[in-house]
Amino acid sequence: MTDCIFCKIAEGEIPSKKIYEDEEMAAFHDVSPQAPVHFLVIPKKHIKNIMEVHDDHSSLLGRLLVKAAELSKELGCEEKGARFVVNCKEHGGQTVDHLHIHALAGRPLEWPPG
Ligand code: DGP
């Protein structure tokens, strides 16, 4: 999608601190980190949000989650853990309309969220 910031990051048109990339996904550090470790995993294909997915996306979604977990371990979060979050639409706090998984770690995170 031409005006989507995460599509542009996926295509390399906007710079980011990428930590992983393959033909179907990219992972990069969040520009506004809310924890010492805060990165995003996105599909390169433009999917607006988690409510737009259907059965055909199941394997892709699984691989995005597996990659988020793998990268969090590579970044030293295995012992203390991490939080994996998918915000959706206005009440879910989604600000970028391209599906993404947040991985947050490196400090204790409160629950429930505000
Ligand atoms: P959400 O609120 O769930 O839609 O989260 C969007 C996140 O994306 C937010 O934590 C900030 C991050 N973000 C927005 N624009 C950019 C950008 O241009 N580069 C990077 N690396 N992160 C961005």
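Given the structure is predicted, the values throughout are model-derived calculations rather than measurements.

### Looking at the sheet that holds strand S3 (residues 37-43)
Logical step 1: Sheet architecture is open: 5 strands sit in the order S1-S2-S3-S5-S4, paired in antiparallel fashion. Strand pairing shows two members of the sheet lacking a second neighbour, strand S1 (18-21) and strand S4 (82-85), which therefore form its edges. Neighbouring strand axes in the sheet, compared pairwise and without regard to direction, differ in orientation by 15° on average.
Logical step 2: Judged from the 5 bridges that link them, S3 and strand S5 (residues 101-105) form a sheet pairing that is antiparallel. Bridging from a neighbouring strand, histidine 38 pairs with leucine 104 of S5.
Logical step 3: Of the strands in this sheet, S1, strand S2 (25-29), S3, S4 and S5 touch helix H2 (residues 58-74), which is tilted by about 155° from S3.

### Quick look at the nonpolar core
Logical step 1: Judged by nonpolar contacts, the single largest core of 15 residues is most densely connected at Val37, Phe39, Val41, Leu64 and Ile101.
Logical step 2: For this core, the elements supplying multiple residues, two or more each, are S2, S3, H2 and S5.
Logical step 3: The biggest single contributor to this core is H2, with 4 residues.
Logical step 4: Not counting residues within four places of it along the chain, the set of residues in contact with valine 41 comprises Met25, Ala26, Ala27, Leu64, Ala68, Leu99, His100 and Ile101.
Logical step 5: One finds Cys4, Phe6, Phe28 and Ile42 within the second-largest nonpolar core, a separate group that totals 10 residues.

### Some points on the site of the ligand
Logical step 1: The environment of the ligand is formed by 15 residues, the closest being Asp30, Asn87, Thr95, His100 and His102.
Logical step 2: At 2.9 Å from a nitrogen atom of the ligand is found a main-chain nitrogen or oxygen belonging to histidine 29.
Logical step 3: Aspartate 30 has a polar side-chain atom sitting 2.5 Å from an oxygen atom of the ligand.
Logical step 4: Coverage of the ligand by the protein amounts to 83% of the 510 Å² it exposes when considered alone.
Logical step 5: Only helix H1 (5-11) and S2 provide two or more residues apiece to the shell around the ligand.
Logical step 6: A per-element tally of the shell around the ligand places H1 first, with 3 residues.

Basis of the calculations
- Residues numbered from 1 in each chain as written.
- Predicted model: local features only at pLDDT ≥ 70, side-chain atom pairs only at ≥ 80, totals over all residues.
- Heavy atoms only, no water.
- Pairing = 2+ DSSP bridges.
- Helix = DSSP H or I, 4+ residues; strand = E, 2+ residues; numbered from the N terminus.
- Axes fitted to C-alpha atoms, helices over the stretch in contact; angles between N-to-C directions.
- Contact = heavy atoms within 4.5 Å.
- Core = buried A, V, L, I, M, F, W, Y, C linked by side-chain atoms within 4.5 Å.
- Buried < 20%, exposed > 50% of the residue type's maximum accessible area, 1.4 Å probe, protein only.
- Near = heavy atom within 4 Å.
- Polar contact = N/O pair within 3.5 Å; in protein donor to acceptor, adjacent residues only side chain to side chain.
- Areas by Shrake-Rupley, 256 points an atom, 1.4 Å probe, with all protein chains shown as cover.

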